[in-house]
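Structural characterization, general
Each chain, letter by letter, is given below.
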Amino acid sequence: MTKQKKRNVIVGQSGGPTAAINSSLAGVFRTAKDRGYSKVYGMLHGVQGLLEGRYIDLSDHIRTGLDAELLKRTPSAYLGSCRYKLPGINEDRDVYDKIFKILDDLEIDCFIYIGGNDSMDTIKKLSDYAIVIGSEIRFVGCPKTIDNDLALTDHTPGYGSAAKYIGTSVKEIIRDGWSLETSNGQIIIVEIMGRNAGWLTGAAALSKGEDCDGPDAIYLPELDFDVKAFVKKCKELLKKKSSVVIAVSEGIHTKDGTYISEMGNATDYVDAFGHKQLTGTARYLCEVLSNEIGCKTRAIELSTLQRAASHCSSRVDILEAYEVGGAAMKAADEGDSGKMVVIERLSDDPYQAGTEVKDVHKIANDERLVPREWITKDGTYVTSEFITYVRPLIQGDVAPVMVDGIPRHLYVPGYQELL
Ligand code: F6P
């Protein structure tokens, strides 16, 4: 029997960027080349860009080993990202026909999408449609999200680096807060991303060690937030120390589901998946505290910094992201479709993990939250089990390539003209 000649691969990035998403891209590219594929195309701004015929041939851009190493150290989505929700298969078949026509014209065998739960919705729908029309293109998801909220995987690439940055930054904030004495004391609120999952906020506890007490309280979105109880807790803390540091998730909400961020001057922005932009939680809480207690307050929203901090990335995370990219490509090459690569932890110490593929239908649009038993009884901290879980994921460093004192990144030359 003659073996069919391998044709081409297309890869895209979608959802919120991370410090590790480009390492997965490098892994997909390398494995595709090693497995004999001719061209590896990169969608510019995910499926949204693909629908407009925007893509590049990655071989023109990742030419050397140094390019690949720079790519692994480049934060944000190298190809550009999108938050684009595909319509249901029966809602608008034209969109699907358009995508499959583009893929057929490019002679695509494998479609790899690097993203979070919303992006896995895209893999689910495209792989389902391929079955409907009898297409042989394989669709495989490569997990990524700082939120760490994807189902069926121990953790997601991107989380470890963001957690490392958060642990480091919270430690630096605590150190800074301690140094200046303020007459009525001060409360610093650090707002951390993660939407409805508290994995990132809990990582603030990583700052705790021999030389640092860690934050004084941590509030995760898994539990309802009570503003009055929070003010009471802050008053008690201020009696004991002059500088209080508290980590809060951007997604904390009251019992009736109102986000705390909505109680301040929040924006009304909602993305294609119906997610509200969560911002201003720390600012609002600081206003409440300064009105109720009259102390000095400072609101620190880690915002973009926590997902773009490549200079503080975790070696474990960057290497795993690369491997997961390679595993997604391998799975598609070996015939899997409608699947996502997951990470399975084999042991905490020494940390060991491997990859597997699981049905994307069981992953897309779901949210994996921090288990209740990993949050303390009073709901204001994470337990030692949480720390044992996250600690291995932040180990090791990846030295940036410094040019003139600033990290060097890989970028697509003339990107704007390609849009
Ligand atoms: O999905 C990852 C994430 O970083 C969330 O933690 C956060 O709520 C959201 O993206 C922010 O998205 P954007 O940058 O589009 O406002």
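Residues numbered from 1 in each chain as written. Predicted model: local features only at pLDDT ≥ 70, side-chain atom pairs only at ≥ 80, totals over all residues. Heavy atoms only, no water.

Moving on: helix 8 (residues 227-240). Across its 14 residues, helix 8 extends 21 Å between first and last C-alpha, which sits within 8% of the 20 Å expected from 1.5 Å per residue. Taken together, the buried positions of helix 8 are Val227, Phe230, Val231, Cys234, Leu237 and Leu238. Axial view of helix 8: buried residues confined to an arc of 125°, hence all on one face. Exposed positions of helix 8 whose direction lies more than 90 degrees from the buried face are Lys228, Lys232, Lys239 and Lys240. Of the surrounding elements, those touching the buried residues of helix 8 are strand 6 (186-192), strand 7 (217-219), strand 8 (243-249), helix 9 (260-263) and helix 10 (281-292). Of the residues that open helix 8, the one with a side-chain oxygen 3.0 Å from the backbone nitrogen of Lys228 is Asp226. (Helix = DSSP H or I, 4+ residues; strand = E, 2+ residues; numbered from the N terminus. Expected span 1.5 Å × (residues − 1). Buried < 20%, exposed > 50% of the residue type's maximum accessible area, 1.4 Å probe, protein only. Arc of directions from axis to C-beta. Contact = heavy atoms within 4.5 Å. Polar contact = N/O pair within 3.5 Å; in protein donor to acceptor, adjacent residues only side chain to side chain.)

Once that is clear, we can look at the environment of Asp349. Position of Asp349 among the secondary structure elements: in the loop between strand 10 (339-348) and strand 11 (351-359). When the C-alpha atoms of Asp349 and Ser303 are compared, they prove to be 32 Å apart, with 46 residues separating the residues in sequence.

Right, let's get into the site of the ligand. Within the structure, the ligand sits among Arg83, Ile146, Asp147, Met193, Gly194, Arg195, Glu250 and Arg307. Separating an oxygen atom of the ligand from a backbone N or O atom of Gly194 is a distance of 3.0 Å. For the ligand, whose free accessible area comes to 400 Å², the fraction covered by protein is 79%. Residue composition of the shell around the ligand, by class: two nonpolar, one polar and five charged. Taken domain by domain, the shell around the ligand gets at least three of its residues from each of domain 1 (8-158 + 310-366 + 395-418) and domain 2 (164-307). (Near = heavy atom within 4 Å. Areas by Shrake-Rupley, 256 points an atom, 1.4 Å probe, with all protein chains shown as cover. Nonpolar A, V, L, I, M, F, W, Y, C, P; charged D, E, K, R; others polar. Domains from an automatic or database assignment.)

By the assigned domains, the chain splits into domain 1 (8-158 + 310-366 + 395-418) and domain 2 (164-307). Put simply, the middle of domain 1 and the middle of domain 2, counted by C-alpha atoms, are 32 Å apart. At the interface, 20 residues of domain 1 touch 15 residues of domain 2. Both faces combined, the contact of domain 1 with domain 2 buries some 1500 Å², and carbon together with sulfur accounts for 61% of it. (Buried area = accessible area lost by both parts, 1.4 Å probe.)

Along the chain, the position of Arg195 falls in the loop between strand 6 and helix 7 (199-202). It is Asp271 that comes nearest to the buried, bridge-free Arg195 among opposite-charge side chains, at 4.1 Å. If we ignore the near neighbours within four places in the chain, the residues touching Arg195 are Arg83, Asp118, Asp147, Pro221, Ser249, Glu250, Gly251, Asp271, His275 and Leu278. (Lys, Arg positive; Asp, Glu negative; His and termini not counted. Salt bridge = Lys/Arg side-chain N within 4 Å of Asp/Glu carboxyl O.)

Attention shifts here to the pattern of salt bridges. Evaluated as defined, the whole model comprises 22 salt bridges. Note that Glu344 is salt-bridged to Lys358, the shortest N-O span being 3.4 Å. Within this pair, whereas Glu344 is found in strand 10, its partner Lys358 is found in strand 11, the two being separated by 14 residues in sequence. Two residues, Arg345 and Asp348, come together in a salt bridge whose shortest N-O distance is 2.8 Å. The partly exposed category is assigned to Asp348, whose relative accessible area is 35%. Overlapping salt bridges, with partners in common, bring together Lys6, Arg35, Lys330, Asp333 and Glu334 in one network.

Moving on, we come to the packing of aromatic side chains. Considering all chains together, one arrives at 14 aromatic pairs under this definition. Judged by centre distance (5.5 Å) and plane angle (50°), the rings of Phe100 and Tyr129 are tilted. One end of the pair, Phe100, is in helix 4 (residues 93-105); the other, Tyr129, is in helix 5 (residues 117-133), and 29 residues separate them in sequence. Comparing Phe100 with Tyr129, the two get one shared label, buried. On the basis of an interplanar angle of 45° and a centroid distance of 5.0 Å, the ring pair of Phe111 and Phe139 is categorised as tilted. Pair noted here: Phe111 is in strand 4 (residues 108-115) and Phe139 is in strand 5 (residues 138-143), with a separation of 28 residues, a long-range link. Exposure class is identical for Phe111 and Phe139. Each is buried. The rings of Tyr96, Phe100, Phe111, Tyr113, Tyr129 and Phe139 are connected pair by pair, giving a single aromatic cluster. For the cation-ring pair, Lys72 lies above Tyr322, with the distance from its terminal atom to the ring centre recorded as 4.3 Å. (Phe/Tyr/Trp six-rings, centres within 6.5 Å; stacked < 30°, edge-to-face > 60°. Lys NZ or Arg CZ within 6 Å of the ring centre and 35° of its normal.)

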